[in-house]
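Survey of secondary and tertiary structure
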Amino acid sequence: MTDRFTRQDPRHQYPAPPFPQQPQEPPGLVQKMTPAPDHGEESYSGFGRLLGRKALITGGDSGIGRAAAIAFAREGADVAINYLPSEESDAEEVLNYVTKAGTQGFGLPGDISEEEVCRKLIADAVEKLGGLDILVINAARQQARETVADVSSDDFDRTMKTNLYALHWLAQAAVPHLPPGASIITTTSIQAYEPSAHLLDYATTKAGIAAYTKALATQLIEKGIRVNGVAPGPFWTVLQPSGGQFQEKVETFGQDSAFGRPGQPVELAPIYVLLASQEGSYITGEIFGVTGGKGIA
Ligand code: NAD
Ligand code: MG
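The structure contained in this document is the topic of the report that follows. Worth saying up front: this structure is predicted, and the values here are computed from it rather than measured. (Residues numbered from 1 in each chain as written. Chains lettered and ligands numbered in written order. Predicted model: local features only at pLDDT ≥ 70, side-chain atom pairs only at ≥ 80, totals over all residues. Heavy atoms only, no water.)

**Comments concerning helix α8 (residues 269-276)**
The following threshold applies: Between buried and exposed lies partly exposed: a residue is buried under 20% and exposed over 50% of the maximum accessible area for its type, with that area taken using a 1.4 Å probe on protein chains only. By the criteria applied, helices consist of DSSP H or I runs no shorter than four residues and strands consist of E runs no shorter than two, each listed in order from the N terminus. In what follows, a contact means two residues having at least one pair of non-hydrogen atoms within 4.5 Å.
Of all eight residues that make up α8, six are buried, and the element is covered over most of its length. Where α8 is buried, its residues touch α1 (63-74), β4 (134-137), β5 (183-187), β6 (226-232) and β7 (287-290).

What follows is the structure, encoded as structure tokens:
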């Protein structure tokens, strides 16, 4: 376990490349990753900042969403997570951590690239949690393609549906349920600002998410609801080896950050907690870059 509270050189706090190649079919499973990512399982301590809150997190089974789910539960929130049915084993692990934290956890599997699934997901979360005041729209599809010719219409469609349409369907369905003081958090990316050649469709959705987040924030503050986005740089999650990067890139993943290593999902947890909690009371319409020193334009 890495002690996250002892002062230390952050460049050496977590594993650095080279990493082994480790191809998986998307969406992939955390359990097959080497080295194992740190989602806060052993390392995140809560301080009661989300006592009694009710959160829904898409992509809450793994990666950044899993780190948010564990942190939210340890801060006192009940947590519902959405994921794809093939990710049930990852989801069960997360739900165990939530229950161990002493709060309630609910698994709500379903493919959010379909509108009806999104609308039902919000309805089910509201029913199970007994309301909703934190919505983290975080799930995404990322599949690297060599050239523009290689991005099929099916690729383009699935990426848009999963990353952008679902954002709209979920936000639209959730807003009527959200009380003043509620928080919506989106996950965009450094790709919104510095797009990679091999992530044409994905980067386009991330720029769209950033714009949608700011526009929605402007609208929803009139209801006392805050809306913010997080823009990570390279984070060690299963998204990358399961087709998000070519395998040669997995070997050197994060090397070109100022830290010489990728971020670990738990290193984003404090930002999601801040944005979700009342401590973020004056923060809306912002995109928080956590890029490992690469900056956000
Ligand atoms: P991840 O693979 O652990 O999480 C992504 C999740 O999306 C999956 O667990 C899966 O449950 C969900 N998902 C994908 N398609 C879905 C569908 N059709 N229906 C329902 N769920 C679906 O990877 P992650 O890196 O934690 O990704 C979380 C967010 O972080 C994404 O929005 C991603 O774009 C963003 N992000 C990641 C990085 C990085 O380096 N890992 C960098 C910038 C942004
Ligand atoms: Mg997953």
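There's plenty left to go through after this.
**Thoughts on the site of ligand 1**
What counts is decided by this rule: Any residue with a heavy atom lying within 4 Å of a molecule or strand is counted as near it. Under this definition, polar contacts are N or O atom pairs within 3.5 Å; protein pairs additionally need one hydrogen-donor-capable and one acceptor-capable atom, and for neighbouring residues in sequence, both atoms have to be side-chain atoms. Here the open area of atoms and residues is found with the Shrake-Rupley method and a 1.4 Å probe, where only the protein chains shown may cover a residue. Three categories are distinguished: nonpolar for Ala, Val, Leu, Ile, Met, Phe, Trp, Tyr, Cys and Pro, charged for Asp, Glu, Lys and Arg, and polar for the others, with Gly belonging to the last.
In the vicinity of ligand 1 lie 30 residues, with Ser62, Glu87, Asn138, Tyr202 and Thr237 positioned nearest. Separating an oxygen atom of ligand 1 from a side-chain N or O atom of lysine 206 is a distance of 2.8 Å. Across the complex, the protein chains shield 96% of the 800 Å² of accessible surface that ligand 1 would expose by itself. Only α1 and α5 (200-220) provide two or more residues apiece to the shell around ligand 1. For the shell around ligand 1, a count of residues per class yields 13 nonpolar, 13 polar and four charged.

**A word on helix α3 (residues 115-129)**
Short version of the rule: To estimate how far a helix should extend, the number of its residues minus one is multiplied by 1.5 Å. Here, the arc refers to the directions that run from the helix axis to the C-beta atoms.
Between its first and last C-alpha atoms α3 spans 21 Å; for 15 residues at 1.5 Å apiece the expected length is 21 Å, and the two agree. Buried residues of α3: Cys118, Leu121, Ile122, Ala125, Val126 and Leu129, and no others. Buried residues of α3, seen end-on, are gathered within an arc of 125° and therefore sit on one face of the element. What points out from α3, more than 90 degrees from its buried face, is the exposed set Glu116, Lys120 and Glu127.

**With respect to the environment of proline 234**
Topologically, proline 234 is positioned in the loop between β6 and α6 (240-244). Through-space distance from the C-alpha of proline 234 to that of glutamine 31 is 20 Å; in sequence the pair is 203 residues apart. When near neighbours in sequence (up to four residues on either side) are disregarded, proline 234 contacts Phe253, Gly254, Ser257, Pro262, Gly263 and Thr291.

**Concerning the nonpolar core**
Condition: To qualify as a nonpolar core, a set must consist of buried Ala, Val, Leu, Ile, Met, Phe, Trp, Tyr and Cys residues joined through side-chain atoms within 4.5 Å.
Formed by 33 residues in total, the largest nonpolar core has its most connected members in Ile57, Phe72, Val79, Ile81 and Tyr272. Where this core is concerned, the elements lending two or more residues are β1 (54-58), α1, β2 (78-82), α2 (88-100), β4 and α8. Excluding residues within four positions of it along the chain, valine 79 makes contact with Ala55, Ile57, Ala69, Phe72, Ala73, Val98, Gln104, Gly105, Phe106 and Leu129. If you look at the next biggest cluster of nonpolar residues, it comprises 32 residues, including Ile112, Leu121, Ala182 and Ala217.

**A short note on empty space enclosed by the protein**
Counted only if it meets this: Site definitions follow a grid-based scheme: protein atoms alone, a 1 Å grid, a 1.4 Å probe that fits but cannot get out for cavities, and for pockets an open set with protein on both sides within 12 Å along at least five of seven lines, plus lining residues having an atom within 4 Å of a point. Grid points are joined across faces, edges and corners, and a volume is the space filled by probe spheres set on the points.
Across all of its chains, the model carries one cavity of 30 Å³ or more by this definition. Approximately 50 Å³ is the volume found for the largest cavity. If you trace the largest cavity, you find it lined by Ile137, Asn138, Ala139, Thr162, Asn163, Leu167, Thr186, Thr187, Lys206 and Ile209. Mapped by element, the contributors of at least two residues to the lining of the largest cavity are α4 (153-174), β5 and α5. For the lining of the largest cavity, the element with the highest residue contribution is α4, accounting for three residues. Grouping the constituent residues of the lining of the largest cavity by class yields four nonpolar, five polar and one charged.

**Here we look at a negative patch on the surface**
Defined as follows: Surface patches are defined over residues having more than 30% relative accessible area and no salt bridge, joining like charges when they lie within 9 Å and nonpolar side chains (Val, Leu, Ile, Met, Phe, Trp, Tyr) when within 5 Å. Definition used for salt bridges: Asp or Glu carboxyl oxygen within 4 Å of a side-chain nitrogen of Lys or Arg. Within this scheme the basic residues Lys and Arg register as positive and the acidic residues Asp and Glu register as negative, but His and the chain ends are omitted. By convention, the charge on Lys lies at NZ, on Arg at CZ, on Asp at CG and on Glu at CD.
On the surface, Glu146, Asp150, Glu248 and Glu251 cluster together to form a negatively charged patch. Here aspartate 150 lies in the loop between β4 and α4.

**Regarding the environment of lysine 294**
By the secondary structure assignment, lysine 294 is in the segment after β7. In this structure lysine 294 touches Ile190, Glu194 and Asp256, once residues within four positions along its chain are discounted.

**Describing unusual backbone geometry**
Here proline 26 and proline 27 are connected by a cis peptide whose omega angle stands at 5°. By the secondary structure assignment, proline 27 is in the segment before β1. Threonine 34 connects to proline 35 through a cis peptide bond whose omega is -10°.

**Considering the layout of surface pockets**
By volume, the second largest pocket amounts to about 270 Å³. Taken together, 17 residues line the second largest pocket, and the ones lying closest to its centre are Pro10, Phe259, Arg261, Gly263 and Glu267. Here the lining of the second largest pocket is composed, by residue class, of seven nonpolar, seven polar and three charged.

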